[in-house]
Amino acid sequence: MIAVLAGGVGAARFLRGVVRLPGARDVTVIVNTGDDTVMHGLHISPDIDTVTYTLAEAIDPQRGWGLAEESWVAMENLGRFTSVRPDGSSAGQTWFNLGDRDLATHLYRTARLGEGATLADVTEELARAWGLPVRVVPMTNDRVRTMVTRADNPGESEISFQEYFVKLRHDVPVKSVRFDGADVAVPLGLDALESAEAILVAPSNPLVSIAPLRALAGVDDVLRRRRDRVAAVSPIVAGSALKGPADRLMRELGHDPSVVGVARIYAPIASTLVIDEQDAALAPAVEAEGMRCIVTNTIMSTPEITTALARTCIEAVS
Ligand code: FO1
């Protein structure tokens, strides 16, 4: 069995390569839920949905989130109420875009949670409905929320991850990040981490996508113990994130925004770091951090490259 620690878009694309490998049908994906939010009373799990829609080949390929061939009639109609919304009300927000087709997922998830189902139950049901060939597991059934403190307005309280990422387009300086509730949340998927023949850390943001999983009790302990079986893919290529604010966040939070900075974050829990050919010159510096470094093409621009990347990761630690 292969276990994968996953965030959103980068992880979902990587997982496409993992599931295409012959013999890799037994895959457990443990997904970040720190990005989860409640909008219009609906429970949204963006990273779970991105992984699910991508593996179902239903994702919108341009955006990388939400469903393809989407329409936005509900959101457009919400706009009618903006002018009448009382001060202090959060009703009818339109900055977080929920497509008409996508809404069905959030309606179903919210109704099932309301009936007492766990997030793991609902995630499994959604994966089954989409015919996924993998087990998708939320990192916890408990409420954990990634909270961001801005560096530019210290007087104001912290904001949710989606306010930072979507509303502010991750275009504000960040002073700190914390994972509210992670200290008491019960992790899921520890059994998979204990027994997996290979544990892969997908090319996700190490500070806001993988860090919430690592913040849960016992996760880092298992990874440290099974370090020889853990391979991580750097989401940083030539000093930049392929998507999202990983490079900027690393700089702002005191890390070197390079594969060497990624190696420093993952060295305690992973024996191997897979980096892109563009960073080949930094391989000795990665190894100086105590990790085996594999240099390959990590830009997942074709199915063949993505599958080869997944194979390289698994072979490195199996
Ligand atoms: N990302 C955006 O940039 N803008 C959006 O309006 C947006 C809406 C959205 C709705 C449902 C969903 O599952 C994901 C959505 N995302 C949106 C993506 C998501 O917020 C981020 O990609 C992740 O949280 C970061 O991994």
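In this text the structure is predicted, and so the values were computed from the model without any measurement. (Residues numbered from 1 in each chain as written. Predicted model: local features only at pLDDT ≥ 70, side-chain atom pairs only at ≥ 80, totals over all residues. Heavy atoms only, no water.)

Q: For this particular structure, what's the right way to read the sheet that holds strand β5 (residues 135-138)?
A: Paired through backbone hydrogen bonds, the strands of a sheet run either parallel or antiparallel to each other. Taking strand neighbours across the sheet as the criterion, the 7 strands line up as β5-β2-β1-β9-β10-β13-β14 in an open arrangement whose pairing is parallel. Of all strands in the sheet, those with a lone pairing partner are β5 and β14 (292-296), marking the two edges. This sheet shows a mean twist of 20° between the axes of neighbouring strands, independent of strand direction. Sheet topology note: the strand β13 (residues 272-276)/β14 ladder contains 5 bridges and is parallel. Looking at β14, one finds that Ile275 is bridged to Val295. (Pairing = 2+ DSSP bridges. Helix = DSSP H or I, 4+ residues; strand = E, 2+ residues; numbered from the N terminus. Axes fitted to C-alpha atoms, helices over the stretch in contact; angles between N-to-C directions.)

Q: Hey, could you run me through the nonpolar core in this one?
A: One recurring pattern in soluble globular proteins: nonpolar side chains tend to sit buried together. Of all hydrophobic cores here, the largest spans 43 residues; its most connected members are Leu5, Leu193, Leu223, Tyr266, Leu273, Val286 and Met291. Membership of the second largest hydrophobic core comes to 35 residues, among which are Val4, Ala11, Val19 and Leu132. (Core = buried A, V, L, I, M, F, W, Y, C linked by side-chain atoms within 4.5 Å. Buried < 20%, exposed > 50% of the residue type's maximum accessible area, 1.4 Å probe, protein only.)

Q: What is the right way to read the packing of aromatic side chains from this model?
A: Inspection of every chain in the model, using the stated rule, returns 5 aromatic pairs. An aromatic cluster is present here, built from Phe161, Tyr164 and Phe165 joined pairwise through their rings. Directly above the ring of Trp65 sits Arg63, whose terminal nitrogen or CZ lies 4.8 Å from the centroid. (Phe/Tyr/Trp six-rings, centres within 6.5 Å; stacked < 30°, edge-to-face > 60°. Lys NZ or Arg CZ within 6 Å of the ring centre and 35° of its normal.)

Q: Can you help me understand the pattern of salt bridges in this one?
A: Any two side chains of opposite charge can pair, on the condition that their charged atoms come close. As enumerated under the stated definition, the model contains 18 salt bridges in all. Here Arg109 ties to Asp49 by a salt bridge, and the two come within 2.6 Å at their closest N and O atoms. Remark: Asp49 occurs in helix α2 (residues 46-55) and Arg109 occurs in helix α4 (residues 100-114); sequence separation between them is 60 residues. Taken individually, Arg109 and Asp49 each receive the classification buried, so the pair is uniform in this respect. Across the pair Arg112 and Glu125 runs a salt bridge whose closest N-O atoms are separated by 2.8 Å. In this pair, Arg112 is assigned in helix α4 and Glu125 in helix α5 (residues 119-129), connecting sequence segments 13 residues apart. Judged by its relative accessible area of 18%, Glu125 falls in the buried class. Through salt bridges with shared partners, one network takes in Arg143, Glu158, Arg178 and Asp180. (Salt bridge = Lys/Arg side-chain N within 4 Å of Asp/Glu carboxyl O.)

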